[in-house]
Each structure stands twice: as structure tokens, then as C-alpha cells.
Amino acid sequence: DKMTWNFDMASAPKTAKVILASKCGKVIRSNWIEKEQRWNAFAAKEQPIAWQYWPEHPSATDEFGDL
């Protein structure tokens, strides 16, 4: 399921928008900043504790047919 927390940060996709959970209880939309080797909204030495995929709009899938 794409809307489930994954605690393996090494598996977080660095080429997509994701939802990250911080150690202080915040949930943040983020993306990987390659140049700085860190997640957006996190300091260089700060690591999120979990991630999940950012959801697509329902019309982006075939589930509802052509819109």
C-alpha cells in the first residue's frame, strides 16, 4: 500500500515528492535536495524517521476512467 509509513529511510525515493515524519511528531511534504544531500525542510544532519508516497490526484489513474 502506497499510503503506509515506511521506516526504511534508505528506500525513500529521491526522485519524487514524499511525505516525511519527523522525530518531533511533524508530517511534512518533502523532496530530496541532491546538491545538499538532504531532505527539504530538514537540516543536513537531521533525518526523518519514516516516509510514504505523496498521493496522486484520483484523475491521474485509470481507476475512475477517462475524465
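Summarised in this report is the structure supplied together with it. A quick note: this is a predicted structure, and the numbers were derived from the prediction, not measured.

1. Brief notes about the side chain of Ser22
Consideration 1: Summarising the element assignment, Ser22 is placed in the loop between strand S1 (18-21) and strand S2 (27-30).
Consideration 2: Those residues in contact with Ser22 that lie beyond four places of it in its chain are Phe42 and Ile49.

2. Topic: the pairing of S1
Consideration 1: Burial along S1 is two-sided: Val18 and Leu20 and Ile19 and Ala21, pointing in opposite directions, are all buried.
Consideration 2: Across four bridges, S1 lies against S2 in antiparallel orientation. Looking across to S2, one finds that Ile19 is bridged to Arg29.
Consideration 3: Hairpin connection from S1 to S2: five residues lie between these consecutive antiparallel strands, with Gly25 at a positive phi of about 95°.
Consideration 4: Pairing between S1 and strand S5 (residues 50-53): four bridges, direction antiparallel. Within S5, the position partnered with Ile19 by the bridge is Gln52.

3. Some remarks on the sheet that holds S1
Consideration 1: The sheet built from three strands is open, its strands ordered S2-S1-S5 with antiparallel pairing. On the outer flanks of this sheet lie S2 and S5, each paired with one strand and no other. For this sheet the average axis-to-axis angle between neighbouring strands, irrespective of direction, equals 30°.

4. Side note on a nonpolar patch on the surface
Consideration 1: A cluster of nonpolar side chains, contributed by Trp5, Phe7, Val27 and Ile49, occupies part of the molecular surface with about 420 Å² of accessible area.
Consideration 2: On the secondary structure map, Ile49 appears in the loop between strand S4 (38-39) and S5.

5. Some points on the side chain of Arg38
Consideration 1: Note on placement: Arg38 falls in strand S4.
Consideration 2: Note on Arg38: relative accessible area 18%, which makes it buried.
Consideration 3: Polar side-chain contacts of Arg38 include one of 2.6 Å to the side chain of Glu36.
Consideration 4: Of note is the side chain of Arg38, whose polar atom sits 2.8 Å from the backbone oxygen of Phe42.
Consideration 5: When neighbours within four sequence positions are excluded, Arg38 is seen to be in contact with Asn31, Trp32, Ile33, Ala43 and Ala44.

6. Describing the packing of aromatic side chains
For any pair of aromatic rings, the description consists of the separation of the ring centres together with the inter-plane angle of the planes.
Consideration 1: Applying the stated criterion across every chain, the model contains two aromatic pairs.
Consideration 2: Relative to Trp39, the ring of Trp32 has its centre 5.2 Å away and its plane inclined at 75°; by these criteria the two rings are edge-to-face.
Consideration 3: On the basis of relative accessibility, which here comes to 12%, the residue Trp32 falls in the buried class.
Consideration 4: Take Trp39: its relative accessible area is 2%, and that puts it in the buried class.
Consideration 5: Geometry around Trp32 places Lys14 over its ring, the cationic atom sitting 3.9 Å from the centre.
Consideration 6: When the ring centre of Trp54 is taken as reference, the NZ or CZ atom of Arg29 above it lies at 5.3 Å.

About the cut-offs
Residues numbered from 1 in each chain as written. Predicted model: local features only at pLDDT ≥ 70, side-chain atom pairs only at ≥ 80, totals over all residues. Heavy atoms only, no water. Helix = DSSP H or I, 4+ residues; strand = E, 2+ residues; numbered from the N terminus. Contact = heavy atoms within 4.5 Å. Buried < 20%, exposed > 50% of the residue type's maximum accessible area, 1.4 Å probe, protein only. Pairing = 2+ DSSP bridges. Axes fitted to C-alpha atoms, helices over the stretch in contact; angles between N-to-C directions. Patch = residues over 30% accessible without salt bridge, like charges linked within 9 Å, V, L, I, M, F, W, Y side chains within 5 Å. Areas by Shrake-Rupley, 256 points an atom, 1.4 Å probe, with all protein chains shown as cover. Salt bridge = Lys/Arg side-chain N within 4 Å of Asp/Glu carboxyl O. Polar contact = N/O pair within 3.5 Å; in protein donor to acceptor, adjacent residues only side chain to side chain. Phe/Tyr/Trp six-rings, centres within 6.5 Å; stacked < 30°, edge-to-face > 60°. Lys NZ or Arg CZ within 6 Å of the ring centre and 35° of its normal.

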